[in-house]
Amino acid sequence: MSMLRSRIVGVGGYLPERILTNSELAQQVDTNDSWIIERTGIRERHIADPSERTSDLAIRAAERALANAGLSGQNIDLIVLATATPDNTFPATATRVQAAIGMTHGAAFDVQAVCSGFIYALTVADNFIKAGQVKTALVIGAETFSRILDWTDRATCVLFGDGAGAVVLRAEEGQGGNADNGILSTHLHSDGRHYKLLHVDGGPSSTQTVGHLRMEGREVFRHAVVNLAAVVQEALAANDLTATDLDWVVPHQANKRIIEGTARKLGLSLDRVVMSVDRHANTSAASVPLALAEAVGDGRIKAGQLVLLEAMGGGFTWGAALVRF
Ligand code: UT7
């Protein structure tokens, strides 16, 4: 049976120029390079210049994804931008991107699911395409978490970085089976009971301040491995596939140990897992599209390959998307 599929036809990523190493951080808080590498796999992260906003990062990633797809802003019908660090409380950061890429029709809005934001945004855009409402969509994950970190809290400030990643989706006809090119399925979950374990202690309606990120790291870790393994199994089962069918997994880049623990639980070999956490740290909604853009850009991910994207973040929220390139 023929059906509409969202094909990924362009990818792009952008990282701010400034690199902050573990050793530099060790001069600011009571930490050290070996603790950070051993517990997280992180060696360095990129930090936005004070003059750079989330939209600036998003625009650079979007321009690269559009160039990769051979399209311009006028070819795009929809922008869905995932961020927990918008330029302003409103309007949506997506509208800044819309204006910058010269897109004067269609719709642009933000979604907020923290580190799962890109999977959520991809799901929203995929459903618009499958419903026949739009033909092309730009899906962006962009963050400046450096702006919401408590730089005196060693348990959190070493874990995050800034960046942006984007993909261009285009509607194509598929057969409805798992051999189709494009997004085969997406799977979203949330459980608001765990709000306190990972949250920002400010906001327009609570404190009228931006606030700082607070996290119970060990608890988040425990939930992450369980939830991520479950949602990956769910995505595979929904498409009559098993872990051995996967060519690549592009996981949320929060912690090397979470990525390895999830891979172990699924029986996945680590040489099929894309890893960028060592250089990017956790860039929240940007982490999956940034890692994806790297792996497509350097030729690891090739046309026809089966790729699984997954993420978990504050809320809790978590999700996965299975894509044939
Ligand atoms: O995107 C989703 C959001 N986030 C995550 O997925 C993160 C999930 N959690 C994690 O990645 C890990 O739990 C952390 C990396 C945050 C922490 O690793 P851990 O192995 O769970 O360490 P811990 O929190 O149990 O802390 C162990 C020790 C503590 O000292 P004591 O109490 O044993 O004396 C901490 O105070 O390490 C100490 N510690 C540090 N030491 C040096 C915490 N942060 C640091 C630090 N440098 N930066």
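Just above sits the structure.
Below: a short report on this structure. Since this is a predicted model, take the numbers as computed values, not measurements.

1. Some remarks on the nonpolar core
Generally speaking, nonpolar side chains in soluble globular proteins are found buried as a group. If you look at the biggest cluster of nonpolar residues, it comprises 47 residues, and the most contacted ones within it are Leu-246, Leu-268, Leu-308, Phe-316 and Leu-322. Looking at this core, the elements that each hand over two or more residues are helix H7 (217-238), helix H8 (256-266), strand E12 (306-313) and strand E13 (317-324). No other element matches H7, which puts nine residues into this core. Sequence-distant contacts of Leu-322, defined by excluding residues within four places in its chain, comprise Gly-182, Ile-183, Leu-184, Ser-185, Ala-235, Asn-239, Leu-241, Leu-246, Leu-306, Val-307 and Leu-308. Val-111, Leu-169, Ala-295 and Ala-311 belong to the second-largest nonpolar core, a separate cluster that totals 34 residues.

2. Regarding the sheet that holds strand E1 (residues 3-14)
Spatial ordering of the open sheet is given by E1-E7-E6-E4-E5, a layout of five strands whose pairing is mixed. One side of each edge strand has no neighbouring strand; the edge strands of this open sheet are E1 and strand E5 (107-111). Ignoring which end each strand starts from, the neighbouring axes of this sheet average 20° apart. Contacting E1, strand E4 (78-82), strand E6 (136-144) and strand E7 (162-174), helix H3 (residues 54-69) crosses the sheet at an angle of about 120° to E1.

3. A word on the environment of Gly-41
Position of Gly-41 relative to the elements: it lies in the loop between helix H2 (33-40) and strand E3 (44-47). Beyond its immediate chain neighbours, meaning those up to four positions away, Gly-41 contacts Ile-36, Lys-256, Val-277 and Asp-278.

4. Observations concerning helix H10 (residues 287-297)
For H10, the buried fraction is high: eight of the eleven residues fall into the buried class. One or two residues past the end of H10 sits Gly-299, with phi positive at roughly 85°.

5. Here we look at the site of the ligand
Taken together, 23 residues form the shell around the ligand, and within it Thr-31, Arg-154, Arg-218, His-252 and Asn-255 come nearest. Thr-31 places a side-chain nitrogen or oxygen 2.7 Å from a nitrogen atom of the ligand. Take Arg-218: an N or O atom from its side chain is 2.5 Å from an oxygen atom of the ligand. Considering the ligand on its own, with 950 Å² of exposed area, one finds that the protein chains cover 76% of that surface. Using a 2 Å cut-off from the grid points, one finds that the ligand occupies the second largest pocket. Listing elements by their share of the shell around the ligand, those giving two or more residues are H2, helix H6 (154-157), H7 and H8. The biggest single contributor to the shell around the ligand is H7, with four residues. The class makeup of the residues in the shell around the ligand is twelve nonpolar, six polar and five charged.

6. As for the layout of surface pockets
One number sums up the size of the largest pocket: a volume of about 910 Å³. Every residue lining the largest pocket is counted, 36 residues in all, and those nearest its centre are Ala-84, Thr-85, Pro-86, Gln-112 and Val-200. At the level of secondary structure, the elements contributing two or more residues to the lining of the largest pocket comprise E5 and strand E9 (198-200). For the lining of the largest pocket, the residue count by class is 17 nonpolar, 15 polar and four charged. Taken as a whole, the second largest pocket holds about 730 Å³ of empty space. The wall of the second largest pocket is formed by 29 residues, among which Leu-159, Met-215, Gly-217, Arg-218 and Asn-255 lie closest to the centre.

7. As for the packing of aromatic side chains
Tallied over the entire structure, the rule returns two aromatic pairs. An angle of 45° between the planes, with centres 6.3 Å apart, marks the rings of Phe-109 and Phe-128 as tilted. A residue pair is termed long-range when its members are at least 10 positions apart, and Phe-109 in strand E5 and Phe-128 in helix H5 (residues 117-130) qualify at 19 residues. The partly exposed category is assigned to Phe-128, whose relative accessible area is 24%.

8. So, the sheet that holds strand E11 (residues 248-251)
A sheet is described by the order of its strands in space; here four strands give the open sequence E8-E13-E12-E11, paired in mixed fashion. On the outer flanks of this sheet lie strand E8 (182-190) and E11, each paired with one strand and no other. Each strand of the sheet is rotated relative to its neighbour by a mean of 15°, with strand direction disregarded. Taken together, the eight bridges between E8 and E13 define a ladder with antiparallel strand orientation.

Parameters and conventions
- Residues numbered from 1 in each chain as written.
- Predicted model: local features only at pLDDT ≥ 70, side-chain atom pairs only at ≥ 80, totals over all residues.
- Heavy atoms only, no water.
- Core = buried A, V, L, I, M, F, W, Y, C linked by side-chain atoms within 4.5 Å.
- Buried < 20%, exposed > 50% of the residue type's maximum accessible area, 1.4 Å probe, protein only.
- Helix = DSSP H or I, 4+ residues; strand = E, 2+ residues; numbered from the N terminus.
- Contact = heavy atoms within 4.5 Å.
- Pairing = 2+ DSSP bridges.
- Axes fitted to C-alpha atoms, helices over the stretch in contact; angles between N-to-C directions.
- Near = heavy atom within 4 Å.
- Polar contact = N/O pair within 3.5 Å; in protein donor to acceptor, adjacent residues only side chain to side chain.
- Areas by Shrake-Rupley, 256 points an atom, 1.4 Å probe, with all protein chains shown as cover.
- 1 Å grid on protein atoms, 1.4 Å probe; cavity = no way out; pocket = protein on both sides within 12 Å on 5 of 7 lines; lining within 4 Å.
- Sits in = over half its atoms within 2 Å of the grid points.
- Nonpolar A, V, L, I, M, F, W, Y, C, P; charged D, E, K, R; others polar.
- Points joined across faces, edges and corners; volume = space filled by probe spheres on them.
- Phe/Tyr/Trp six-rings, centres within 6.5 Å; stacked < 30°, edge-to-face > 60°.

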